[in-house]
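Structural overview
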There are 4 protein chains.
Amino acid sequence: MGNSFGKMLKVTVFGQSHSTAIGTVIDGLPAGIKLDIDKINAFMQRRISKSSFTTKRVETDNFEILSGLVDNITCGTAICAIIKNNDAKSKDYDKIKDNPRPMHADYSAYCKYQGFNDIRGGGQFSGRMTACVCFAGAVAEQFLEHYGIFAVSHISSIGNLYDDKFCDININKDLTERLKNDSFPVINEKIKEEMLDYIKEIHSKGDSVGGAIETVICGVPVGVGEPIFDSVESKISSAMFGIPAIKGIEFGEGFNSSKILGSQYNDEFYADSNGDIKTKTNRHGGILGGISTGMPIIYNVAVKPTPSIAIPQNTVSLKNKTNEILRIEGRHDSCIVPRAVPSVEAIGLLAIADLLLEHRKDNIVNEFE
Amino acid sequence: MGNSFGKMLKVTVFGQSHSTAIGTVIDGLPAGIKLDIDKINAFMQRRISKSSFTTKRVETDNFEILSGLVDNITCGTAICAIIKNNDAKSKDYDKIKDNPRPMHADYSAYCKYQGFNDIRGGGQFSGRMTACVCFAGAVAEQFLEHYGIFAVSHISSIGNLYDDKFCDININKDLTERLKNDSFPVINEKIKEEMLDYIKEIHSKGDSVGGAIETVICGVPVGVGEPIFDSVESKISSAMFGIPAIKGIEFGEGFNSSKILGSQYNDEFYADSNGDIKTKTNRHGGILGGISTGMPIIYNVAVKPTPSIAIPQNTVSLKNKTNEILRIEGRHDSCIVPRAVPSVEAIGLLAIADLLLEHRKDNIVNEFE
Amino acid sequence: MGNSFGKMLKVTVFGQSHSTAIGTVIDGLPAGIKLDIDKINAFMQRRISKSSFTTKRVETDNFEILSGLVDNITCGTAICAIIKNNDAKSKDYDKIKDNPRPMHADYSAYCKYQGFNDIRGGGQFSGRMTACVCFAGAVAEQFLEHYGIFAVSHISSIGNLYDDKFCDININKDLTERLKNDSFPVINEKIKEEMLDYIKEIHSKGDSVGGAIETVICGVPVGVGEPIFDSVESKISSAMFGIPAIKGIEFGEGFNSSKILGSQYNDEFYADSNGDIKTKTNRHGGILGGISTGMPIIYNVAVKPTPSIAIPQNTVSLKNKTNEILRIEGRHDSCIVPRAVPSVEAIGLLAIADLLLEHRKDNIVNEFE
Amino acid sequence: MGNSFGKMLKVTVFGQSHSTAIGTVIDGLPAGIKLDIDKINAFMQRRISKSSFTTKRVETDNFEILSGLVDNITCGTAICAIIKNNDAKSKDYDKIKDNPRPMHADYSAYCKYQGFNDIRGGGQFSGRMTACVCFAGAVAEQFLEHYGIFAVSHISSIGNLYDDKFCDININKDLTERLKNDSFPVINEKIKEEMLDYIKEIHSKGDSVGGAIETVICGVPVGVGEPIFDSVESKISSAMFGIPAIKGIEFGEGFNSSKILGSQYNDEFYADSNGDIKTKTNRHGGILGGISTGMPIIYNVAVKPTPSIAIPQNTVSLKNKTNEILRIEGRHDSCIVPRAVPSVEAIGLLAIADLLLEHRKDNIVNEFE
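Each value, and the rule that gives it
The written sequence of each chain sets the order in which its residues are numbered from 1. To read the labels, note that chains go from A and ligands from 1, taken in the order they are written. Restriction of local features to residues with pLDDT of at least 70 applies here, the model being predicted, together with a cutoff of 80 or more for giving and counting side-chain atom pairs; totals for whole chains, interfaces and linings are based on all residues. Excluding hydrogens and water, the side-chain figures rest on all heavy atoms present in the structure. The helix and strand labels rest on DSSP assignments: H or I over at least four residues marks a helix, E over at least two residues marks a strand, and numbering proceeds from the N terminus. Each radius of gyration is computed over the set of C-alpha atoms, and the globule rule expresses the reference value as 2.2 Å times the number of residues to the power 0.38. Contacts were defined at the residue level, with two residues in contact if any of their heavy atoms lie within 4.5 Å. Two strands qualify as a pair provided DSSP detects at least 2 bridges between them. Residues below a pLDDT of 70 in either copy are left out; the C-alpha atoms of the rest, at least 70 in both, set the least-squares superposition of the copies. Residue exposure (1.4 Å probe, protein chains only): buried if accessible area is under 20% of the type maximum, exposed if over 50%, otherwise partly exposed. Working note: the arc is built from the helix axis to C-beta atom directions. N or O atoms within 3.5 Å of each other form a polar contact, as long as, within protein, one can give a hydrogen and the other can take it, and as long as residues adjacent in sequence are counted only when both atoms are side-chain atoms. We count a salt bridge whenever a side-chain nitrogen from Lys or Arg sits within 4 Å of a carboxyl oxygen from Asp or Glu. When two parts are put together, the accessible area they lose, computed with a 1.4 Å probe and summed over both, is reported as buried area. Each residue is assigned to one class: nonpolar for Ala, Val, Leu, Ile, Met, Phe, Trp, Tyr, Cys and Pro, charged for Asp, Glu, Lys and Arg, and polar for all the others, Gly among them. Every axis corresponds to a line fitted to the C-alpha atoms, with the helix fit spanning only the stretch in contact, and the corresponding angles, defined between N-to-C directions, vary from 0 to 180 degrees. For this classification, under 35 degrees means roughly parallel, over 145 means roughly antiparallel, 65 to 115 means roughly perpendicular, and everything else is oblique. Definitions for this section: a left-handed crossing has its near helix turned counterclockwise from the far helix by less than a right angle. A right-handed crossing has that turn clockwise. Confidence per residue, as judged by the predictor, is encoded in pLDDT with a range of 0 to 100. Any two of the Phe, Tyr and Trp rings considered here, Trp counted by its six-membered ring, make a pair once their centres fall within 6.5 Å; the pair's planes then place it as stacked at under 30 degrees, edge-to-face at over 60, or tilted in between. Each ring is checked for a lysine NZ or an arginine CZ that lies within 6 Å of its centre and within 35 degrees of its normal; such an atom marks a charge sitting over the ring.

1. Here we look at the overall build of chain A
For chain A, the helix and strand inventory stands at 9 helices and 18 strands. The C-alpha radius of gyration computed for chain A amounts to 21 Å, which stays within 12% of the reference 21 Å derived for 369 residues, consistent with globular compactness. Here the C-alpha coordinates of chain A stretch approximately 70 × 50 × 35 Å along the principal axes. Sequence-distant contacts, at least 24 apart, represent 71% of the contacts inside chain A between residues at least 6 apart.

2. Some remarks on the sheet that holds strand β3 (residues 21–27) of chain C
Strand pairing in a sheet relies on backbone hydrogen bonds, with the paired strands running either antiparallel or parallel. Residues and elements named next belong to chain C. Spatially, 5 strands are ordered β1-β2-β3-β7-β4 in an open sheet, and the strand pairing comes out antiparallel. Edge positions in the open sheet fall to β1 (4–5) and β4 (63–67), since each of these has one partner strand only. Bridge count between β4 and strand β7 (residues 79–84): 4 bridges; the pairing is antiparallel. Considered in β7, the bridge of S67 is made with C80.

3. Some points on the relation of the copies chain C and chain A
Relating one copy of the chain to the other requires a rotation about an axis plus a shift along that axis. The two copies are related by a screw motion: chain C maps onto chain A through a turn of 180 degrees and a shift of 0.0 Å along the axis, at an RMSD of 0.0 Å. In the structure described here, the two chain copies are related by an operation that fits a two-fold rotation axis. Taking C-alpha positions as reference, the residue of chain C nearest the rotation axis is R360 of chain C, located at 3.3 Å. Both copies present the same face, since 100% of the interface residues in chain C are matched by interface residues at the equivalent positions in chain A.

4. Overview of helix α1 (residues 37–45) of chain B
Residues and elements named next belong to chain B. Of the residues making up α1, those classed as buried are I40, F43 and M44. All buried residues of α1 project into a common sector of 95 degrees when viewed along the axis, lining one side. Check the buried side of α1 and you find it contacts β4 (63–67), β7 (79–84), α4 (130–145) and α9 (337–359). Where α1 begins, one side-chain oxygen reaches toward the backbone nitrogen of D38, 3.0 Å away; that side chain belongs to D36.

5. Focus: the pattern of salt bridges
Taken as a whole and assessed by the stated rule, the structure comprises 96 salt bridges over all chains. For E214 of chain A, the salt bridge identified is with K165 of chain A, shortest N-O distance 3.5 Å. Of this pair, E214 of chain A sits in strand β10 (residues 211–218) while K165 of chain A is found in the loop between β9 (161–162) and α5 (173–180), placing the two residues 49 residues apart along the sequence. According to the relative accessible area criterion, K165 of chain A is partly exposed, its value standing at 26%. A salt bridge links R178 of chain B to E189 of chain B; the shortest N-O distance between them is 3.3 Å. In this pair, R178 of chain B sits in helix α5 (residues 173–180) while E189 of chain B sits in helix α6 (residues 189–204), placing the two residues 11 residues apart along the sequence. Shared partners join several salt bridges into a network, and the residues in it are R46, E141, K180 and E345 of chain A.

6. Section: the relation of the copies chain B and chain A
Mapping chain B onto chain A leaves a residual RMSD of 0.1 Å; the transformation is a rotation of 180 degrees accompanied by 0.0 Å of translation along its axis. Of all interface residues in chain B, 100% are interface residues in chain A too; the two copies therefore contact each other through one and the same surface.

7. Brief notes about the interface of chain B and chain A
Listed by partner, the interface residues are 111 residues for chain B and 111 residues for chain A. Carbon and sulfur atoms supply 61% of the area buried between chain B and chain A, which totals about 8600 Å² over both sides. A salt bridge links K112 of chain A to D362 of chain B, with the shortest nitrogen-to-oxygen separation between them at 2.7 Å. Our count for the chain B to chain A interface comes out at 44 residue pairs in polar contact (both at pLDDT 80 or more). Its residues assigned to classes, the side of chain B that touches chain A comprises 52 nonpolar, 40 polar and 19 charged. Strand direction decides the pairing type here: strand β11 (residues 246–251) of chain A and strand β11 (residues 246–251) of chain B, joined by 3 bridges, are antiparallel.

8. Things to note about the packing of helix α7 (residues 232–240) of chain C against helix α9 (residues 337–359) of chain C
All names here are of chain C. At a minimum axis distance of 9 Å, the contact between α7 and α9 shows a crossing angle of 140 degrees. The orientation of α7 with respect to α9, classified from their angle, is oblique. Like other packed secondary-structure pairs, α7 and α9 cross with a definite hand, here right-handed. Across from V232, K235, I236, A239 and M240 in α7, the residues of α9 making contact are V344, I347, G348, A351, I352, D354 and L355. Among the residues forming the contact of α7 with α9, the class breakdown is 9 nonpolar, 1 polar and 2 charged.

9. Here's the deal with the interface of chain C and chain A
On the side of chain A, 19 residues touch chain C, which itself brings 19 residues to the contact. Carbon and sulfur atoms make up 66% of the area that chain C and chain A hide from each other, which totals about 1700 Å². Three residues stand out in chain C for area buried against chain A, namely R360, K361 and F368 of chain C, and they jointly supply 36% of the buried area on that side. On inspection of chain C and its partner chain A, the count reaches 2 salt bridges. Between R360 of chain C and E367 of chain A there is a salt bridge whose closest N-O contact spans 2.7 Å.

10. Here we look at the confidence of the model for chain A
Per-residue confidence for chain A gives a mean pLDDT of 94, with 95% of residues at or over 70. For this predicted complex, the interface confidence score (ipTM) comes to 0.97, while the overall pTM stands at 0.97.

11. Examining the side chain of T306 of chain D
Residue and element names in this part refer to chain D. With respect to the secondary-structure elements, T306 resides in the loop between β16 (297–303) and β17 (313–317). Exposure remark for T306: the relative accessible area of 8% places this residue in the buried category. If we skip the residues at most four places from it in the chain, T306 touches S208, V209, D333, S334, C335 and I336.

12. Observations regarding the pairing of strand β8 (residues 150–158) of chain A
Residues in a regular strand point their side chains to alternate faces of the sheet. Residues and elements named next belong to chain A. Within β8, 8 of the 9 residues are buried, which leaves the element mostly enclosed by the surrounding structure. Bridge count for β8 against β10 is 8 bridges, and the pairing is antiparallel. Each residue of the ladder has a partner; that of I155, found in β10, is I213. Across 2 bridges, the pairing between β8 and β9 is antiparallel. The residue of β9 that forms the bridge with I158 is L161. Count of turn residues in the β8/β9 antiparallel hairpin: 2 residues, of which G159 carries a positive phi of about 55 degrees.

13. What to know about the packing of aromatic side chains
For the structure shown, the criterion picks out 34 aromatic pairs over all chains. A centroid spacing of 5.2 Å and a plane angle of 85 degrees characterise the contact between F251 of chain A and F241 of chain B, whose relative ring orientation is edge-to-face. Taken as a pair, F251 of chain A in strand β11 and F241 of chain B in the loop between α7 (232–240) and β11 lie in two separate chains rather than in one. For F251 of chain A, a relative accessible area of 0% gives the class buried. Take F241 of chain B: its relative accessible area is 5%, and that puts it in the buried class. Taking NZ or CZ as reference, R46 of chain A lies 4.9 Å from the ring centre of F43 of chain A, over its face.

Have a look at this one:
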């Protein structure tokens, strides 16, 4: 259970790291939406790391769309896309099965699934599953484009190195393009270099490091979101924790809002020359009372350090209930933050698309009489 | 929409600050659970502030249970409890309706509901609605007690004043009792005094301040939670953002995990003398892969400063699309953090109860042969 | 569990026959809908029998709306209405608890709820719970009125006495008004007399009889309904079986369609003088592929005979596992069919309202470009 | 939307008649269930007609399982199986698109999906989609086998030819085996011959005929089902109408119950020599108050005549809004009833499996103290 989310736009993922294929079913998209397959592909390629200090497995993420389209146009029924796991190889997983890796799902999954969970490559807990999320997010992105809604993301921190924040800068087209096309998107170029150097250093020590990813979704009209429990924050956060390694989420100033005064935090309203109502600042992150305010929606998520490190760690033998030393072999990402960027963005796009479809009811009264 | 959450234990809230009553429907509790009404009442009283610098409205939160019990024992159908809004008085809300208060839901709700939203006392966005959440949480608490599961919470920060963290201390019975019975629960007594002084100071200036609340849920067995999208984090966070003023949530070390190295963050497994498998530290907050690990579940939430401040603020006239100055009259909470504590705890209890009911399927295979 | 249904318009009921109150929560209605309370009341009064051969309990079904409205206009949050159970009296239910009544839920509920179910007056299985459904249906009726959608129902059979069928007659305003205002609505007046005589006869023998109720919903536009599993039939049937005593449902010609040939059954399309596309006949009952066709939606439900009869019956002692003779005392409805009419109609109205709200997404593509 | 059903066991289908593939995702099955792939295959083969008077398209329904299993044992995550549409060929569908076939979904789908629906081979409305339902049902069957639960079905009527009913006969192992292995399962062999002759006759005239299918599910323990709106009947009926051509459903005596007296209909309880409580007769079809009674669950569904007939029919041009004559070419099933049998059975199995998983909570109170 737990492989689906969404109410009006329902996304279901399936697969394990080494199953025949992984895939996504997207149900609820209206008929008549033309999809640009190349753009979906481009979105998904952002998940494939290019940098030397990250993953080893050569994933191509070539998806095949099985249903839901006629001539690349949605026909009103569910879209299913699959990605074959060509790279899967049978190797000896017995040791891994008996010695749970710290900070992985090995132990909790072993207990939950009575030892029947698929341990190969992390099974259903593999980061590979985010390819499914990215596919769905890429489809949502094209749907939202018709409304002028788009998302941009950046790596807001690596360790204690912090990028500029979206609420403090002007989000223009140039920046958007630059971040979209960068596999390690950082607003401040100097900080980016420091981050890359830092990861390289950590990598050389066999250690790992986490960071944070901030996304802004622009163009969402005022009135989207269903308070109390289907608020914009509820929808985004609920799905976000489906991405492995996410340990926290905050909206707008988030945790920082708890440190400053009301008089410092409050965003005041004003009417611009067109009579449009806006806030001068956007510390609230585009959401009040769980409903979008028309200002950009901003969230920031914490990504924990990659659990697999080259340094020996203590663990147990599940069979013998004895203490053991674990040495994780092979090479692993020292920092998965850059690879998580499109997934974190995808979740926001999917949540907004879902709520936007529900939002259509809000103006019904204007059609009456 | 948005008034319900939960799958096996479904909670639905209704009401507005000044409607005839507010209430909760709890569906899914098995039959035969005896409820101690006094204990529910005690839980709810924690929401009623005693301190002078907080709310004015004298709420008694006397609930009436309309259904679902026979002799205080669950009979298998939905429990409904209501709280009458005796204190509601009709006053002039026209001005508030036209001049949205910064950081309240006034503007976004006005747009979403085409001006038909209930503006009286904040309507459905009132903090008063959390009384419904507390009632449900108090019921869940008694259900979970049968499993030896309990929750404790404290104010982990006010402004930049930080209490000790649960993952760094020993959670013993004495501490638990003390925190449970304190309307301003802080682990470190010295910090508590500083916090109270600080709030008093902010209050005297007509300003407001936020903070953070940390909850630990002890006794949750390993294997609870449905990855990917119904993970423990997904369930808790999704419902948590139904509480007004929550702007962020983190699990275990949360955002801090993104600042330290894998070698510093990883919790190593060990087998204790009984052969029970545990982690020496609990930076992961009791959840791996979205599934409980048997270690205490820990989350921390950010509470924004009370939006209503005595200081004049800029706003607009919705009718005239002109800029206006807003002066919020009456006295308001300078800090709602203490009053939010039981609600933040209630959400966690409800999410765990929901997932625990679903968890019963996990061991089915052991009954086969 | 099981007290809620609906996706865009979610209805939750609570209460037992002798709990403090029963009630309904309706979530999802857009803001700005003015409700006529008298009309709701009139709808609910149809459930209160006037005929001498039916129930004894003097129910007034005076509801109180607790939330969701401001000046009788929906404000965007959930509507809750309750009906107090003033008539409830404590009497000895021990005997009933031990001797399950044939064809009631006594035995299955006793087992499911481990003996903790509320046996007083049938508990949550009481026909009284349909008052909650009627309240919700009456609200949906007023919402649908804005679209020119309305429902009419009649008693299509009592025992082997059959009324005319909706698909064979002209549904005009006069007929509609007549049926709406009749507590025993039958199209054919002569058959109605025969039905009433028949029930009287059965009543005098201490026996009971069932029948069928047919509803037509006119004005539903083409395109409503979500195939495959949220089809119009799925939505209506799923909720319909929430009404006690319903044992079957069919759409259009229903079971009769299985007895005739394709050439006799098929409804052929034609374009009328305005170019509107219709079918000459309506044996399909307004639904094809799970989607409305623009023709009236027609369904017919089977109502079983009242289980409580004056004739002695065999039963068991649950405690002693021995065979017993049961004599049900007091006076009971010999035929609950007339009282079930508004509930059967209400379910259809609620299902259509729910799907109509979801249907708003279907034309999105026309708004693009 | 509408491609999913189920709460604890969620089934999602995708695909169109001529998409690359069709498929099913099954989420919620506990880990550790061994699946016999040959048995799944055998279940699905029942859907493939052998008789000459039915379909032409040579379907093999060779499924491929993409995920959810390790060595054919469930691993706790979603099972996805796909069936390639090898037989799909591009032909000219323009005419069909403009001239909706009577009693097919062509017109309602055209309107709902703004003309973008997949018309090839009936698109998502094709009977072929029931292969997905059969796959899921075959999996559910193997899960339920562990509880001693099994289902048997027969063709209860073709036109006006009626087979014996399950509630009137002894359901023994021989009968079960015989019906399971018959592609045209009828209890009464003589009636079976008459049915086959009748279909042959209808077929020779280019006409079509419907019928009814009755299923009994044996071994369901007492207490399964969640009243009010998630009753056994609600669950089964809701999903059943996802099968094309189903126009009605009844439980136990169903519509017949509305024709007889309470004294004739009521099933009386008795305690057998083991002290087990049963009913002597089973007119209630194993469900009271929406909850299983421990007696076999019985439902009967109406299947409409195949809409495609060789006889010319009136239709319209959607483009020109003019009246047209439609001649459906090619050869079609004169009677789809036999092919629908495994699907009708599958739905019941899936609904029971879903409710059985939820039922595990009902005895919680016995584990306390």
